[in-house]
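Understanding the architecture of this molecule
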Amino acid sequence: MRSATRWGLAAALCAVLFAVLTALVAARHGSPYPLDESVHRWSVQHRPAAAVAFARAVTTTGTGPVPYLCAVTAGLVAGWGRGARGRLMTAAGALGFLLLAQGLRYAVLYGVARPRPPVADRVTHASGFSFPSGHTTTSALVAGLLAWAVWRTASPAAARLGWVLFACWAVTVGLTRVYLGVHWATDVLGGWLYALTWLAAAMAVDAGVGRARVPREAVT
């Protein structure tokens, strides 16, 4: 159970940090902190056309059907070897995990109701409230699901490469939200902490369930 305990502690730590950040944002009624303003100002002042085009291309992968298709794919890959029914159930579980996390994120989003940065500073479309960042949260959750899938099925070397690639993608999506002027830096930080809370909690459950199955499988 040591692995499950470590993941559980990581989930608790991320949850506490997210709760503190949420309280700090709510305490100012959504007004940006000096860090938010300085990062936003730098982004607005450093926007060559090529960088903006790249950021727009990357940021589109953090919303719409792409993340949900990736979640289903992660479930299908993770369920490899369990038969058609087992793979479908694993895919449904991965998709359900993403949908549940997204649903509760909306509760925080509307509860905090933080305004976005000024419209004049945005170079891509965005609507709704700002904290936590939806693109950031979604991409981080999906990156975690994909990393979980390769961890269960690939060789250690391939799994490590996958983790690095998925993490870089999720981090880049989050950074584009600030660069394009549609989120404050603390919105993105909140999205990462929120996603890490869910991912660590899911790993704790997975480790605990896997540990519990060992004695039964050993007996048979």
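The sections below set out a description of the structure shown in this document.

Calculation rules
Residues numbered from 1 in each chain as written. Predicted model: local features only at pLDDT ≥ 70, side-chain atom pairs only at ≥ 80, totals over all residues. Heavy atoms only, no water. Helix = DSSP H or I, 4+ residues; strand = E, 2+ residues; numbered from the N terminus. Rg over C-alpha atoms; globule rule 2.2 N^0.38 Å. Buried < 20%, exposed > 50% of the residue type's maximum accessible area, 1.4 Å probe, protein only. Contact = heavy atoms within 4.5 Å. Areas by Shrake-Rupley, 256 points an atom, 1.4 Å probe, with all protein chains shown as cover. Lys, Arg positive; Asp, Glu negative; His and termini not counted. Charge placed at Lys NZ, Arg CZ, Asp CG, Glu CD. Core = buried A, V, L, I, M, F, W, Y, C linked by side-chain atoms within 4.5 Å. Patch = residues over 30% accessible without salt bridge, like charges linked within 9 Å, V, L, I, M, F, W, Y side chains within 5 Å. Salt bridge = Lys/Arg side-chain N within 4 Å of Asp/Glu carboxyl O. Expected span 1.5 Å × (residues − 1). Phe/Tyr/Trp six-rings, centres within 6.5 Å; stacked < 30°, edge-to-face > 60°.

The number of helices and strands found in the protein chain is eight helices and zero strands. For the protein chain, the α and β elements follow one another from N to C terminus as α-α-α-α-α-α-α-α. Computed over its C-alpha atoms, the radius of gyration of the protein chain comes to 19 Å, within 12% of the 17 Å expected for a compact globule of 220 residues. Along the first, second and third principal axes, the C-alpha set of the protein chain runs to 65 × 35 × 25 Å. Taking all 220 residues of the protein chain together, the buried fraction comes to 41%. For the protein chain, contacts bridging at least 24 residues in sequence account for 79% of all contacts bridging at least 6. Just so you have it, the protein chain exposes about 11500 Å², and 72% of that area is on carbon and sulfur atoms. Put simply, the protein chain has 19 plus and 6 minus side-chain charges, and the middle of one group is 9 Å from the middle of the other.

Before going further, it helps to spend a moment on the environment of tyrosine 106. With respect to the helices and strands, tyrosine 106 occurs in helix α5 (residues 83-112). Once the C-alpha coordinates of tyrosine 106 and phenylalanine 131 are considered, the two residues, 25 residues apart in sequence, prove to be 9.4 Å apart.

Counting 32 residues, the largest nonpolar core has Phe18, Phe97, Phe131, Leu141, Leu145, Phe166 and Trp198 as the members making the most contacts within it. A total of 10 residues in this core trace back to one element, the largest contributor, which is helix α6 (residues 134-153). Not counting the four nearest positions on each side in its chain, phenylalanine 97 is found in contact with Leu141, Leu145, Trp198, Leu199 and Ala202.

Looking now at unusual backbone geometry. For the peptide bond that leads from phenylalanine 131 to proline 132, omega is -10°, which places it in the cis range. With respect to the helices and strands, the residue proline 132 is situated in the loop between α5 and α6. In this model, histidine 29 sits at a positive phi of 55°, which is unusual for a non-glycine residue. With respect to the helices, strands and loops of the structure, histidine 29 is situated in the loop between α1 (2-27) and α2 (34-45). The backbone phi angle of alanine 113 is positive, close to 55°, even though this residue is not glycine. Along the chain, the position of alanine 113 falls in the loop between α5 and α6. Judged by relative accessible area, which is 28%, alanine 113 ranks as partly exposed.

A contiguous nonpolar patch, built from Val16, Val20 and Leu24 and spanning about 250 Å² of accessible area, is present on the exposed surface. Secondary-structure assignment places valine 16 in helix α1.

Since the α-helix advances by 3.6 residues per turn, residues separated by three or four positions end up pointing in the same direction. The terminal C-alpha atoms of α6, which comprises 20 residues, lie 29 Å apart, in line with the 28 Å expected from a rise of 1.5 Å per residue. With 16 of its 20 residues buried, α6 lies for the most part within the structure.

A few words on the packing of aromatic side chains. Going through the model one piece at a time under the given rule, you end up with six aromatic pairs. Judged by centre distance (5.9 Å) and plane angle (5°), the rings of phenylalanine 18 and phenylalanine 131 are stacked. Of this pair, phenylalanine 18 sits in helix α1 while phenylalanine 131 sits in the loop between α5 and α6, and the two are 113 residues apart along the sequence. Owing to a relative accessible area of 0%, phenylalanine 131 belongs among the buried residues under this scheme. Seen from their ring centres, phenylalanine 18 and tyrosine 194 are 5.4 Å apart, and the 55° between their planes marks the pair as tilted. Here phenylalanine 18, found in helix α1, pairs with tyrosine 194, found in helix α8 (residues 185-219); they are 176 residues apart in sequence, far enough to count as distant. The two residues phenylalanine 18 and tyrosine 194 agree in class, both being buried. Through successive ring pairs, a cluster of aromatic residues spans Phe18, Phe97, Phe131, Tyr194 and Trp198.

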